[in-house]
Amino acid sequence: PRISRRSSIRRSVRLRSSFRPQPTKSSRISRPVSAFSPAEPRELSRVYLEHALAGRGVEAAQTLIEAVVDERIDLLELFEGVIAPAARQVGELWHQARITVADEHFVTQLNQKLIAVASTLRPVTQSDAERIVLACPPDELHDTGLRMLAQLLTSHGYDVSMLGASTPVASL
């Protein structure tokens, strides 16, 4: 039987709104996002993912952008300590069928937007470094990690050409 798009969206919204992360000791502590210290990327990741999986993209983004702007975390901490763990958890939740493909795509797109935006919030060091070309091999559709690497290299003054996912070797 064919499922209508509307039915699929309703199911996705219902799953997203019913998803509740497993409670942890730190999740019982209620405090505003602005009270995080640089040593708490795990808590930022939890709050970010909770907002994102509930469909609150703006709140999820604000959680991380404020931490970068306020210099509570740098790009490396944002990427390694917040976005990468959130992406891994989303993959696990999808694999366990606790979230839908739509949920996974929503968070992935949000991650990619944040990677692009966060890197513009700090001045870029100028360098005479040669160009670095980054590309995923053919048949590799996941390029979030490569995007983070590109932004980190750019923030250190490198001239980066990002070719993205599934790049044919002959094109290089």
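Up top is the structure.
Just so you know, these numbers come straight off a predicted model, no measurement behind them. (Residues numbered from 1 in each chain as written. Predicted model: local features only at pLDDT ≥ 70, side-chain atom pairs only at ≥ 80, totals over all residues. Heavy atoms only, no water.)

Visitor: Help me understand the pairing of strand S1 (residues 131-135) in this model?
Guide: The side chains of a regular strand alternate, first on one face of the sheet and then on the other. Alignment of S1 against strand S2 (residues 159-164), held across five bridges, turns out to be parallel. Looking across to S2, one finds that Val133 is bridged to Ser161. Between the parallel pair S1 and S2, the chain is carried across by helix H6 (residues 144-155), and the sense of this crossover is right-handed. (Pairing = 2+ DSSP bridges. Helix = DSSP H or I, 4+ residues; strand = E, 2+ residues; numbered from the N terminus. Right-handed = clockwise from strand over helix to strand, strands pointing away.)

Visitor: Honestly, a nonpolar patch on the surface in this entry has me stumped. Any pointers?
Guide: Taken together, the side chains of Val133, Leu163, Val169 and Leu172 present a nonpolar region at the surface, about 400 Å² in accessible area. Within the secondary structure, Val133 is located in strand S1. (Patch = residues over 30% accessible without salt bridge, like charges linked within 9 Å, V, L, I, M, F, W, Y side chains within 5 Å. Areas by Shrake-Rupley, 256 points an atom, 1.4 Å probe, with all protein chains shown as cover. Salt bridge = Lys/Arg side-chain N within 4 Å of Asp/Glu carboxyl O.)

Visitor: Just checking my understanding: could you explain helix H3 (residues 57-69) for this structure?
Guide: Under the 1.5 Å per step criterion, the end-to-end length of H3 is 18 Å for 13 residues, consistent within 8% with the ideal 18 Å. Regarding H3, the residues found buried are Gly57, Ala60, Ala61, Thr63, Leu64, Ala67 and Val68. Angular distribution of buried residues about the axis of H3 spans 150°; they occupy a single face of the element. Buried residues in H3 make contact with helix H2 (41-53), helix H4 (75-95) and helix H5 (101-118). (Expected span 1.5 Å × (residues − 1). Buried < 20%, exposed > 50% of the residue type's maximum accessible area, 1.4 Å probe, protein only. Arc of directions from axis to C-beta. Contact = heavy atoms within 4.5 Å.)

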